[in-house]
Amino acid sequence: MIRTKNHDVVPIGQKVAFGSGHLANQLFPAALGVFMIVLVLALKMDPLLAGLLASLPRLLDALTDPIMGYISDNTKSRWGRRKPYIFLGAVITGVSFMAMWQLYPENSQTYNFYYFLILSLLFYIGYTIFATPLIGLGYEMTPDYHERTRLMGVSQFMGQMAWMLAPWAWVLIYNQDLYPSAPEGARNLAIWVGGLCIVLGMMPAFFCKEIPQSSIVNQAKLSLKAMYGNFVDLFRSVVKAFSNRPFLKLCAATFLVFNGFQTIAGFSFYIIIFYLYNGDDQLAGHWPAWFGTVSAFATAFLVIPVITRWSVKWGKKNAFIVATLISIVGYALKWWGFHPGNPYLMFLPIPFMCFGIGGLFTLMMSMTADVCDLDELKNGMPRREGLFGAVYWWMVKLGNAIALLISGAVLKYVGFDQNITQQTVETMTQLRMADIAIPAISAALAIVVMWHYNITEKVANEIRQKLVKRRGELSST
């Protein structure tokens, strides 16, 4: 193992600021996962329509990501390439999140559907403006192979706090001592979540450092007159990204692991309420929240530190394969974990299951930074961290949109009826089987995809040395 040089170490203050941005970045989808259940259970929206509301805006989000990545990579300003967009995007996203949850059951299903859809589109435009430069910023904060994993470990550790907090939104929303109805709880809580995310999202813009503008050459000129040329250049850049075989493996593996998980992410709430407690959400109490919180706690305090150590000891690819295998064991254990007679058993699969998602983004974001070096070696300046981050998350979000649509379709297929409190035995059995099979199969396919990934520590450092010889060191300032 090559020792990290002092000038390659990211100061702890910058790591925390970058992690704060990721806390906001994770809090939005974490909160959405809980809030979306309100659409079905409290506002009585058809599950298929709720699935459309979850998926359609994400398709726009996926399409705009590469454009935002290209804009960020080629921006020239006194504040840098990334930070102005992170600041602006945090504000747009937070305010639109507050607004889109101002829903009332007195309105028709059609009205609520289109109101939510329109504001969701604005939300995801702001989310793209915020998240895409944030991801690109992380890729350029250090050129060191292992420091990249440490930086991503800190950011993912802080991001897991969102998943610890978000499940309790369910408890607050349905607490009749606080709110007379769940829709009113969602309306109020959305304001607090949006405001918190604005503050957290601004932190990287204030405290993190970018590669100096003077070190970036050959940037495209961004203007209305040059728009056609910009789109041509964007298309060529995306083609180059997709021609990078190691990068394609990262995208495909993430697509499989994350979106297999996302397809069934909301199923645990339904299984706890309708299988363990026969549809009595009051009797279910805090169990759905505890399931999510313990999962995030295990990810933050067990999985991420262990994965970071494994990455240094065994290499990033091998750490990913081992972590993903462990997660498959966890998914299988869910069959015995959800037991009506003993709710504590639901925590049995969590330490195993969390290795899937916990290891995924810590390692994949670090490996994508390595891929950006390979791209510069092959294609020269400008560095395209923003574009690679955007294309990577484009793949994730496109798959996520599909996953959420499939999730609604699965609920429909197994016969879940949002208008009744007690589901049939057949419905819950099929839902539990899907809850295990979908993520386990997709995780196994991801291992196959990553088996021949070839950017090892040795290869990454050889690439770096060639780049340093060509253009000198790049360090954030």
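Small disclaimer: the values here were computed from a predicted structure and weren't measured. (Residues numbered from 1 in each chain as written. Predicted model: local features only at pLDDT ≥ 70, side-chain atom pairs only at ≥ 80, totals over all residues. Heavy atoms only, no water.)

(A) Expanded view of the overall build of the chain. A tally of helices and strands in the chain yields 17 helices and 0 strands. Compactness check: the chain gives a C-alpha radius of gyration of 22 Å against a globular reference of 23 Å for 477 residues, within 12% of the reference. Each principal axis of the C-alpha distribution contributes one length, and for the chain these read about 65 × 50 × 35 Å. Here the chain, with 477 residues, has 59% of them falling under the buried criterion. Summarising the internal contacts of the chain: among those between residues at least 6 apart in sequence, 85% fall at separations of at least 24. (Helix = DSSP H or I, 4+ residues; strand = E, 2+ residues; numbered from the N terminus. Rg over C-alpha atoms; globule rule 2.2 N^0.38 Å. Buried < 20%, exposed > 50% of the residue type's maximum accessible area, 1.4 Å probe, protein only. Contact = heavy atoms within 4.5 Å.)

(B) Examining the confidence of the model for the chain more closely. Of all residues in the chain, 98% attain a pLDDT of 70 or more, and the chain-wide mean is 87. Taken element by element, the predicted model of the chain shows its lowest mean pLDDT in helix α11 (residues 281-284) (68) and its highest in helix α3 (residues 83-100) (95). (pLDDT = per-residue confidence, 0-100.)

(C) The arrangement of the nonpolar core in detail. In this structure, Phe 35, Phe 97, Trp 101 and Phe 320 are the most contacted members of the largest nonpolar core, which totals 141 residues. When near neighbours in sequence (up to four residues on either side) are disregarded, Phe 35 contacts Trp 101, Ala 169, Ile 173, Ala 186, Leu 189 and Ala 190. (Core = buried A, V, L, I, M, F, W, Y, C linked by side-chain atoms within 4.5 Å.)

(D) Region of interest: the side chain of Thr 128. Looking at the element boundaries, Thr 128 is found in helix α4 (residues 109-140). Within the structure, Thr 128 has its side chain in polar contact with the side chain of Thr 64 (distance 3.2 Å). Among the polar contacts listed, one links the side chain of Thr 128 to the side chain of Asp 65, at a separation of 3.2 Å. Leave out the neighbours within four places in its chain, and Thr 128 touches Asp 61, Thr 64, Asp 65, Met 68 and Pro 133. (Polar contact = N/O pair within 3.5 Å; in protein donor to acceptor, adjacent residues only side chain to side chain.)

(E) Quick look at a nonpolar patch on the surface. A grouping of Ile 67, Leu 224, Met 227 and Phe 231 is seen on the molecular surface, where their side chains present a nonpolar patch of about 400 Å² in accessible area. Checked against the element boundaries, Met 227 lands in helix α8 (residues 227-242). (Patch = residues over 30% accessible without salt bridge, like charges linked within 9 Å, V, L, I, M, F, W, Y side chains within 5 Å. Areas by Shrake-Rupley, 256 points an atom, 1.4 Å probe, with all protein chains shown as cover. Salt bridge = Lys/Arg side-chain N within 4 Å of Asp/Glu carboxyl O.)

(F) Layout of unusual backbone geometry. Between Met 381 and Pro 382 the backbone carries a cis peptide bond, its omega angle lying at 0°. Looking at the element boundaries, Pro 382 is found in the loop between α14 (350-379) and α15 (385-413). Of note, Lys 44 is a non-glycine position whose phi angle comes to about 60°, a positive value. With respect to the helices and strands, the residue Lys 44 is situated in the loop between α1 (12-41) and α2 (47-73). You can call Lys 44 partly exposed: its relative accessible area is 43%.

(G) Layout of the side chain of Arg 81. Here Arg 81 is to be found in the loop between α2 and α3. Side-chain polar atoms of Arg 81 contact the side chain of Glu 140, separated by 2.9 Å. In this structure the side chain of Arg 81 is engaged in a polar contact, spanning 3.5 Å, whose partner is the backbone oxygen of Arg 383. If we skip the residues at most four places from it in the chain, Arg 81 touches Ser 72, Asp 73, Thr 75, Glu 140, Glu 210, Gln 213, Ile 216, Gln 219, Arg 383 and Glu 385.

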